[in-house]
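Single-letter residue listing:
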Amino acid sequence: MLNEGRKLKLIELCRSMIKTYSVTGSEKEIADFCAKSMKVLGYDDAWINEQGSVIGFIKGTGEGRSILMDGHIDTVEVTNAAKWTYDPIGACMDNGKIYGRGAADMKGALSAMIMAAAFFAEDHRPKGDVYVTGTSMEEVAEGRTLSTILESILPDLVLIGEASSLKLNIGQRGRGEIAVETYGK
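Here, residues in each chain are numbered from 1, in the same order as that chain's written sequence. With pLDDT at 70 or above as the cut-off, local features in this predicted model cover only qualifying residues; side-chain atom pairs require 80 or more to be listed or tallied, and sums for whole chains, interfaces and linings still use all residues. Only hydrogens and water are set aside; all other atoms, that is, all heavy atoms of the structure, feed into the side-chain values.

Topic: the state of the cysteines
Linking two cysteines covalently via their sulfur atoms produces the bond known as a disulfide. The condition that has to hold: Disulfides are defined as cysteine sulfur pairs within 2.5 Å.
By the definition in use, this model includes zero disulfides. The thiol of Cys34 is unpaired, and the distance to the nearest cysteine sulfur, on Cys14, comes to 11 Å.

Take a look at the structure:
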């Protein structure tokens, strides 16, 4: 249940994440911050893997399926901060909204997943194991670092928190990358 105290904790986590530098290739600070936050929130474990992604773990009772909730921790660079209405790393709140680089893509969703798992475990132990991951390098290599996590954890269900206007979407229908080389005039 999201009471006023929990709502304030969620807002603070989200704002702190927005204020933490996390451009693709420089995610160490945000990964460390997320792992530390998960441990403080009561996760059974939290670590950073060899690709620089953070993985939080809450042990279930063994009676249910495992779930992995994922969001990426990297953002694209702010190219012209003067064009922003609000400071891109200020995490300004205005009229109930939080503004800043990564607020929608995807520090807002990731902070919500981190807190949701912690609040759920605080209220009643989950039946299945719960993982919350903050994957690195998504902006330049979508899915590559998540695939290594999925291979090692093998969750039964995966929830990805990308913005979708509150509509459920199919996460991945498949993807092909083709390189074409031609010669001639």
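Describing the environment of Ala46
Stated formally: The numbering of helices and of strands both runs from the N terminus, where a helix is a DSSP run of H or I of at least 4 residues and a strand a run of E of at least 2. Whether a residue is buried, partly exposed or exposed follows from its accessible area with a 1.4 Å probe, protein chains only, as a fraction of its type maximum: under 20%, in between, or over 50%, in that order. Between two residues, a contact is recorded if the distance between any of their heavy atoms is within 4.5 Å.
Mapped onto the elements, Ala46 comes out in strand β1 (residues 45-48). Relative accessible area serves as the criterion here: at 4%, Ala46 is assigned to the buried category. What Ala46 contacts, discounting residues up to four positions off in sequence, is Ala35, Met38, Lys39, Ile55 and Gly56.

Some thoughts on the layout of surface pockets
Stated formally: In this analysis a 1.4 Å probe is tested at points of a 1 Å grid over the protein atoms alone, and where it fits but cannot get out there is a cavity; an open set with protein on both sides within 12 Å along at least five of seven lines is a pocket; lining residues have an atom within 4 Å of a point. Grid points are joined across faces, edges and corners, and a volume is the space filled by probe spheres set on the points. For this classification, the nonpolar set comprises Ala, Val, Leu, Ile, Met, Phe, Trp, Tyr, Cys and Pro, the charged set comprises Asp, Glu, Lys and Arg, and every other residue, Gly included, is treated as polar.
Taken as a whole, the largest pocket holds about 920 Å³ of empty space. Forming the boundary of the largest pocket are 33 residues, of which Met106, Ile160, Gly161, Glu162 and Ala163 lie nearest the centre. Counting residues per element, the ones that place at least two in the lining of the largest pocket are β3 (67-72), α3 (103-123), α4 (144-153) and β7 (157-160). Within the lining of the largest pocket, the residues separate by chemical class into 14 nonpolar, 14 polar and five charged. In this structure, the second largest pocket spans a volume of roughly 270 Å³. Every residue along the wall of the second largest pocket is listed here: Lys7, Leu10, Ile11, Cys14, Met93, Gly96, Lys97, Ile98, Ala103, Gly108, Ser111 and Ala112.

A word on the packing of helix α1 (residues 4-19) against α3
Selection criterion: Inter-axis angles, ranging from 0 to 180 degrees, are taken between N-to-C directions of lines fitted to C-alpha atoms, where helices are fitted over the stretch in contact. Comment on the angle field: the value is read as roughly parallel under 35 degrees, roughly antiparallel over 145, roughly perpendicular from 65 to 115, and oblique elsewhere. Each helix crossing is assigned a hand: it is left-handed if the near helix lies turned anticlockwise from the far helix by less than a right angle, otherwise right-handed if that turn is clockwise.
Relative to each other, α1 and α3 sit at 140 degrees, their axes nearing to 9 Å. Viewed along their axes, α1 and α3 adopt a mutual orientation that is oblique. Here the hand of the crossing between α1 and α3 comes out right-handed. When α1 is examined against α3, the residues Arg6, Lys9, Leu10, Leu13, Cys14, Met17 and Ile18 are found in contact with a partner set consisting of Ala103, Lys107, Gly108, Leu110, Ser111, Ala112, Ile114, Met115, Phe119, Glu122 and Asp123. Grouping the constituent residues of the contact of α1 with α3 by class yields 11 nonpolar, two polar and five charged.

Notes on the side chain of Glu27
Rules: None of His or the chain ends enter the tally, which takes Lys and Arg as positive and Asp and Glu as negative. A pair is scored as a salt bridge if a Lys or Arg side-chain nitrogen falls within 4 Å of a carboxyl oxygen belonging to Asp or Glu. Two N or O atoms form a polar contact when they lie within 3.5 Å of each other; inside protein one atom must be a possible hydrogen donor and the other a possible acceptor, and for residues adjacent in sequence the pair counts only when both atoms belong to side chains.
Within the fold, Glu27 resides in the loop between α1 and α2 (28-40). The charged side chain of Glu27 is buried without a salt bridge, its nearest counter-charge being Lys107 at 10 Å. Within the structure, Glu27 has its side chain in polar contact with the backbone nitrogen of Gly25 (distance 2.9 Å).

Remarks on unusual backbone geometry
Here Asp105 and Met106 are connected by a cis peptide whose omega angle stands at 5 degrees. Examined against the element boundaries, Met106 turns out to sit in helix α3. Within the chain, Ala91 stands out as a residue other than glycine whose phi angle is a positive 55 degrees. For Ala91, the position within the fold is in the loop between β3 and β4 (92-94). You can call Ala91 buried: its relative accessible area is 0%.

None of this, on its own, says anything about what the molecule does.
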